[in-house]
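# Breakdown of the fold
What follows is the residue order along each chain.
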Amino acid sequence: MGVLLALLCGAPMLHAATPAADDAARLLSLWPGDTLAHAGTITERSNDPALPDRIIENVRTPYLAVHAPASPSGVALLVTPGGGYARIVLDKEGTALVPAFVDAAGITLFVLRYRLPDIAHAEGADAPLADAQRAMRVIRSRAAEFGIDPARVGVMGFSAGGHVAARLATAGAPVHPARDATDRFDWRPAFAVLVYPVISMDDGLAHAGSRARLLAADTADASTAMTRLSPERHVDAATPPLFLLHAQDDAVVPVGNALAMHAAAVAAGVPASLHVFPHGGHGFGVRDAHGPLARWPQLALDWIDSQNATP
């Protein structure tokens, strides 16, 4: 009766995130002993079944949703969707990627439902990064199972998930202790695709909501935390190649974030491809990218192919 009433009123529906309610053929837990019993709460925000727009909140046991192609190319992407560190978007920056990246290009997508920054987590503000590092290790530990080349596993992040991906690409060390044999695998991505990413914590560039939630979960003083949590300050020769995409008219996360990351990459001698489109706003993903911007998935795929080419 509650479901029927929600449908009649046009209200979003809430349900627990369980394997039966998710979108992928395979769901993989990240940490030893974890189950999906506390995976989070999924909200469907769309009333159009053809255009799902789900979010997940309150993730306590992070996991991966796997979208595997019929004929794997050997390339895999860890996908970290956005949501301002308040929630995680599941479709606009997750399932909507499947036609271009999985079905057409043969890339295996591992979409991460990560924990959000919270002082209750042992890792605090680093909880999303810890989950991303562990996810990379889980993916590489199961490379043979999914037809993946461990050397061709990259990360693609959107908005606040772009901050997770940028931190993954620039971290100097793991932020969690080794738990099992999986932690012997490399956590570093081979390349990073950052789409309208949150990068800097500096005034004038920072996304206010993301910064507030990160700082609230960090035990250091604000100045120290802002420096540590700004990936552009940690780009060095070990940072993998970067693909940066942003819209100049983004009123949520200023384009200066992508520009700052690109400038840091140039200064460090890191190969970086920068694509700034005049129009597109924020959160366009695949479905809401129109005009010339609609070509961005192919631009990204061509760039990913170039990372695997023999010089």
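Residues numbered from 1 in each chain as written. Predicted model: local features only at pLDDT ≥ 70, side-chain atom pairs only at ≥ 80, totals over all residues. Heavy atoms only, no water.

Turning our attention to empty space enclosed by the protein. Tallied over the entire structure, the rule returns one cavity of 30 Å³ or more. Here the largest cavity is characterised by a volume of approximately 40 Å³. Looking at the lining of the largest cavity, the elements with two or more residues in it are helix H3 (127-141) and helix H5 (160-170). Taken together, the residues that form the lining of the largest cavity break down as six nonpolar, no polar and one charged. (1 Å grid on protein atoms, 1.4 Å probe; cavity = no way out; pocket = protein on both sides within 12 Å on 5 of 7 lines; lining within 4 Å. Points joined across faces, edges and corners; volume = space filled by probe spheres on them. Helix = DSSP H or I, 4+ residues; strand = E, 2+ residues; numbered from the N terminus. Nonpolar A, V, L, I, M, F, W, Y, C, P; charged D, E, K, R; others polar.)

With that out of the way, let us pick up the layout of surface pockets. By volume, the largest pocket is sized at about 240 Å³. Along its surface, the largest pocket is lined by 18 residues, and Gly83, Val89, Glu93, Ser159 and His282 are the ones closest to its centre. A per-class count over the lining of the largest pocket returns six nonpolar, eight polar and four charged.

Let us look at the environment of Phe191. Take Phe191: it is sitting in the loop between H5 and strand S10 (192-195). Accessibility expressed as a relative area gives 1% for Phe191, which makes it buried. Each C-alpha atom of the pair Phe191 and Arg152 lies 8.2 Å from the other, and the pair is 39 residues apart in sequence. (Buried < 20%, exposed > 50% of the residue type's maximum accessible area, 1.4 Å probe, protein only.)

Another aspect to go through is the pattern of salt bridges. Applying the stated criterion across every chain yields a total of 17 salt bridges. Between Glu145 and Arg142 there is a salt bridge, and its shortest N-O distance comes to 2.9 Å. Here Glu145 falls in the partly exposed class, since its relative accessible area comes to 44%. Between Asp218 and Arg228 there is a salt bridge, with its nearest N and O atoms 2.1 Å apart. Taken as a pair, Asp218 in the loop between helix H6 (208-216) and helix H7 (222-228) and Arg228 in helix H7 lie far apart in primary sequence, ten residues in all. Among the charged side chains, a salt-bridge network with shared partners connects Asp126, Arg167, Asp218 and Arg228. (Salt bridge = Lys/Arg side-chain N within 4 Å of Asp/Glu carboxyl O.)

A word on the confidence of the model for the chain. Of the residues in the chain, 91% reach a pLDDT of 70 or more, and the chain-wide mean stands at 91. Low pLDDT, under 50, characterises residues 1-21; the predicted model gives this stretch 31 contacts beyond four residues in sequence or across chains. (pLDDT = per-residue confidence, 0-100. Contact = heavy atoms within 4.5 Å.)

On to the side chain of Arg134, then. By secondary structure assignment, the location of Arg134 is in helix H3. Of the residues examined, Arg134 reaches a relative accessible area of 3% and is grouped as buried. Not counting residues up to four positions away in its chain, the partners in contact with Arg134 are Leu30, Trp31, Pro32, His176, Arg179, Asp180, Thr182 and Asp183.

Right, let's talk about the sheet that holds strand S8 (residues 108-113) for a bit. Reading across from one edge, S2-S5-S8-S6-S9-S10-S11-S12 is the order of the eight strands in this open sheet, with mixed pairing throughout. Both outer strands of the open sheet, strand S2 (26-29) and strand S12 (272-277), are each paired with one neighbouring strand and no more. Neighbour to neighbour, the strand axes of the sheet diverge by 20° on average, direction disregarded. Packed onto the sheet, H3 meets strand S5 (63-67), strand S6 (76-80), S8 and strand S9 (153-158) and runs at close to 155° relative to S6. Contacts from H5 reach S6, S9 and S10 within the one sheet, and its direction differs from that of S9 by about 145°. (Pairing = 2+ DSSP bridges. Axes fitted to C-alpha atoms, helices over the stretch in contact; angles between N-to-C directions.)

Moving on: the environment of Gly281. As for its position among the elements, Gly281 is in the loop between S12 and helix H9 (296-307). Not counting residues up to four positions away in its chain, the partners in contact with Gly281 are Ala247, Asp249 and Asp250.

On to unusual backbone geometry, then. You will see that Asn58, though not glycine, has its phi angle at about 60°, which is positive. Structurally, Asn58 is set in the loop between strand S4 (54-57) and S5. Residues other than glycine seldom take positive phi values, yet Tyr85 does so here, at roughly 60°. Along the polypeptide, Tyr85 turns up in the loop between S6 and strand S7 (88-89).

We now examine the packing of aromatic side chains. To describe a pair of aromatic rings, one takes the distance between the centres and the angle between the planes. Taken as a whole and judged by the stated rule, the model has seven aromatic pairs. Plain terms: the ring middles of Phe191 and Trp303 are 5.9 Å apart, the flat faces sit at 80° to each other, and that makes the pair edge-to-face. Placement of the pair is Phe191 in the loop between H5 and S10 and Trp303 in helix H9, with a sequence separation of 112 residues. Of the two residues examined, Phe191 and Trp303, each falls in the buried class. With 4.8 Å between their ring centres and 75° between their planes, Tyr196 and Phe284 make a pair best called edge-to-face. With Tyr196 in the loop between S10 and H6 and Phe284 in the loop between S12 and H9, this pair connects stretches of sequence that are 88 residues apart. Relative accessible area serves as the criterion here: at 0%, Tyr196 is assigned to the buried category. These aromatic residues form a ring-pair network of at least three members: Phe101, Phe158, Tyr196, Phe284 and Trp296. (Phe/Tyr/Trp six-rings, centres within 6.5 Å; stacked < 30°, edge-to-face > 60°.)

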